[in-house]
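Per-entry structural report
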Amino acid sequence: MSYTQRVAEELKARYADQPEFVQAATEVLDSIEPALAAHPEYEAAGLLERLVEPERIVMFRVPWVDDKGQVQVNRGYRVEYNSAIGPYKGGLRFHPSVNLGILKFLGFEQIFKNSLTGLPMGGGKGGSDFDPKGKSDREVMAFCQSFMTELQRYIGPDTDVPAGDIGVGGREIGYMFGQYKRIRDEFTGVLTGKGLSFGGSLCRTQATGYGLVYFVATLLEDHKDSLEGKTVVVSGAGNVAIYAIEKAQQLGAKAVTCSDSTGWIYDPEGIDVALLKEVKEGKRARLTAYAEARPSAQYHEGRGVWSVPCDVALPCATQNELFLDDAKALVENGCKVVAEGANMPTTRDATEYLIDKKVAFCPGKAANAGGVAVSGLEMSQNSERLSWTFDEVDARLKTIMENIYTAVSSAASSAGFEGNLVVGANLAGFAKVAEAMYAQGIV
């Protein structure tokens, strides 16, 4: 049994109750064999055993009072996974599905995603089982202030810099930043995704979606093709999906679907981005409101986005949303590229099927790194007390995504896995982190 296989088996036995984490870790371990073969010293240093365990996990209660005067209690988390190449960096997720296993999976993925950006950022993730949907602004503020009252003990601009994620947008970041500043009496870049009036970066809202499409465009260009005239299907209707749709259409493609937790839209004339923003960002309404306002749109309950014929598929909703049967439908309908806008939205067997069928599969840790890349650029602007223009940030984002594609593609080719971007992303992300960990000794 190889070193990576042994560590994977130990993980499966120890964390059988954390399937998402085991899935993510096993996928990485399975593909970094070439790096371990070239560096036998890593096994002697127990590098993988240290890599798969977080450096620190913080769990805490979050008491707050709702609009009825009732005391509510949620659970808060911060998984500070790896700081070998920089301070912990990763989002906060507020959603009822949040648990330790999901945050460990997200934090583990974040290590390699951050490494791929080329910026000095370690990996972390956090959040709470609090659901902001249906809550008043006052309730959200009460929760965020209580959450940050505890979290502020463990974070800082040179220690851990959280950002937003599912359920955590500009409103939530603002409330948390205000509470941090109030308690610590300091104005620092401790959170990214802030409002533009207090240290936020232009293009941050668009970054993950734009970056995803820049990655796909670079891949297509590498294969002497482009997005011009392509049909794109997208899942999700949050920031990532909205701005992936926007950028894809700016580059000449037609995006025809989006989805939320209750159903999905098929709009053969192309998604109306302005209307989608109004429905999801302005009204915070369901996609039924989009269908009611758009005669060409068809609304469907449940799942079904992946049944629509397309050239490019962009899963941008949540983990494990694209299954094997979905992958078969995409292949049968002529899909050539699947790029993950969400974190691990494609199941393991679906990923393997797509790669086997020669679909260009772009894993999330590479393809959706645009969000954290611009978070890193926001950190730089905060440190320098500067604010860059939208075009400056967008240009840097585009360059970062092009560089990520080149690094991932080259790593895959060098290891003998031409075109396998999953292997390439894991190898390229692992190399920098492993080198730093080894150089810093047994810590």
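Residues numbered from 1 in each chain as written. Predicted model: local features only at pLDDT ≥ 70, side-chain atom pairs only at ≥ 80, totals over all residues. Heavy atoms only, no water.

So, the pairing of strand β11 (residues 312–315)
By the alternation rule, side chains of β11 split into Val312 and Leu314 and Ala313 and Pro315, which are all buried. When strand β6 (residues 231–235) meets β11, the two strands line up parallel, connected through 4 bridges. Residue Val234 lies in a different strand from β11, and its bridge partner there is Leu314. Bridge analysis of β11 against strand β12 (residues 337–339) gives 2 bridges, and the strand direction is parallel. Looking across to β12, one finds that Ala313 is bridged to Val338. Viewed along the sheet, the connection from β11 through helix α13 (residues 324–332) into β12 turns out right-handed. (Buried < 20%, exposed > 50% of the residue type's maximum accessible area, 1.4 Å probe, protein only. Helix = DSSP H or I, 4+ residues; strand = E, 2+ residues; numbered from the N terminus. Pairing = 2+ DSSP bridges. Right-handed = clockwise from strand over helix to strand, strands pointing away.)

Topic: the sheet that holds strand β13 (residues 360–362)
Read from one edge of the open sheet, 5 strands run β7-β6-β11-β12-β13, paired in parallel fashion. Since the sheet does not close on itself, it has two edges, and those belong to β7 (254–255) and β13, each with one partner. Where β12 and β13 come together, 3 bridges link them in parallel fashion. The residue of β13 that forms the bridge with Ala339 is Cys362.

Some thoughts on the pairing of β6
Each regular strand shows side chains that alternate between the opposite faces of the sheet. Among the 5 residues of β6, 4 are classified as buried, and the element is accordingly described as predominantly covered. Pairing between β6 and β7: 2 bridges, direction parallel. Its bridge partner lying in β7, Thr231 is registered against Lys254. What joins β6 to β7 is helix α10 (residues 239–250), and the crossover it makes is right-handed.

Section: the UniProt feature "binding site: substrate" (unreviewed entry) in the protein chain
The feature "binding site: substrate" (unreviewed entry), as annotated in UniProt, sits at Lys89, Gln110, Lys113, Gly164 and Ser375 in this numbering. In this structure, Lys89 sits in strand β3 (residues 88–94). On the secondary structure map, Gly164 appears in strand β5 (residues 160–164). By relative accessible area, which is 22% here, Gly164 ends up partly exposed. Sequence-distant contacts of Gly164, that is, excluding residues within four places in its chain, are made with Gly91, Leu92, Ile173 and Thr192. (UniProt positions renumbered as here; feature names shortened; annotations may be inferred. Contact = heavy atoms within 4.5 Å.)

Here we look at the sheet that holds β3
Strand order across the open sheet formed by 5 strands is β1-β2-β4-β3-β5, with mixed pairing between neighbours. Edge positions in the open sheet fall to β1 (56–65) and β5, since each of these has one partner strand only. Averaged over all pairs of adjacent strands, the angle between strand axes in this sheet comes to 20°, irrespective of strand direction. Of the strand pairs in this sheet, β3 and strand β4 (residues 123–128) are connected by 3 bridges, and their pairing is parallel. Across the sheet, the residue bridging to Leu92 is Gly126, located in β4. Lying over the sheet, helix α6 (residues 100–117) contacts β1, β2 (71–82), β3 and β4, oriented at roughly 150° with respect to β4. (Axes fitted to C-alpha atoms, helices over the stretch in contact; angles between N-to-C directions.)

Overview of the UniProt feature "active site" (unreviewed entry) in the protein chain
Per the UniProt entry, the sites bearing "active site" (unreviewed entry) are Lys125 in this numbering. For Lys125, the location among the structural elements is in strand β4. Each residue touching Lys125, except ones within four places of it in the same chain, is listed here: Arg78, Val79, Gly90, Gly91, Leu103, Leu106, Gly107, Gln110, Asp165 and Asn343.

Quick notes on the packing of aromatic side chains
Counted under the stated rule, the structure contains 20 aromatic pairs. Aromatic pair Phe21 and Phe108: ring centres 6.2 Å apart, planes at 90°, arrangement edge-to-face. With a gap of 87 residues between them, Phe21 in helix α2 (residues 19–31) and Phe108 in helix α6 connect regions that are remote in the sequence. Each of the two residues, Phe21 as well as Phe108, counts as buried. Taking the ring centre of Tyr15 as reference, the NZ or CZ of Lys104 above it sits at 3.4 Å. Sitting over the face of the ring of Tyr210, Lys247 holds its NZ or CZ atom 4.4 Å from the ring centroid. (Phe/Tyr/Trp six-rings, centres within 6.5 Å; stacked < 30°, edge-to-face > 60°. Lys NZ or Arg CZ within 6 Å of the ring centre and 35° of its normal.)

As for the packing of helix α7 (residues 137–151) against helix α8 (residues 170–184)
It is the contact of α7 with α8, at a shortest axis distance of 8 Å, that shows an interaxial angle of 45°. On the basis of the axis angle, α7 is oblique to α8. Relative to α8, α7 is oriented so that their crossing is right-handed. Contacts between α7 and α8 involve Asp137, Val140, Met141, Cys144, Gln145, Phe147, Met148 and Thr149 from the former and Arg171, Glu172, Tyr175, Met176, Gln179, Tyr180 and Ile183 from the latter. Looking at the contact of α7 with α8 residue by residue, the class counts come to 9 nonpolar, 3 polar and 3 charged. (Parallel < 35°, antiparallel > 145°, perpendicular 65-115°, else oblique. Left-handed = near helix turned anticlockwise from the far one by under 90°. Nonpolar A, V, L, I, M, F, W, Y, C, P; charged D, E, K, R; others polar.)

Concerning empty space enclosed by the protein
All chains considered together, the criterion is met by 2 cavities of 30 Å³ or more. Taken as a whole, the largest cavity spans an internal volume of roughly 130 Å³. In this structure, the largest cavity is lined by 14 residues; those nearest its centre are Glu27, Glu340, Met344, Thr346 and Thr351. Mapped onto the lining of the largest cavity, the elements with two or more residues apiece are α2, α14 (348–356) and α15 (364–367). (1 Å grid on protein atoms, 1.4 Å probe; cavity = no way out; pocket = protein on both sides within 12 Å on 5 of 7 lines; lining within 4 Å. Points joined across faces, edges and corners; volume = space filled by probe spheres on them.)

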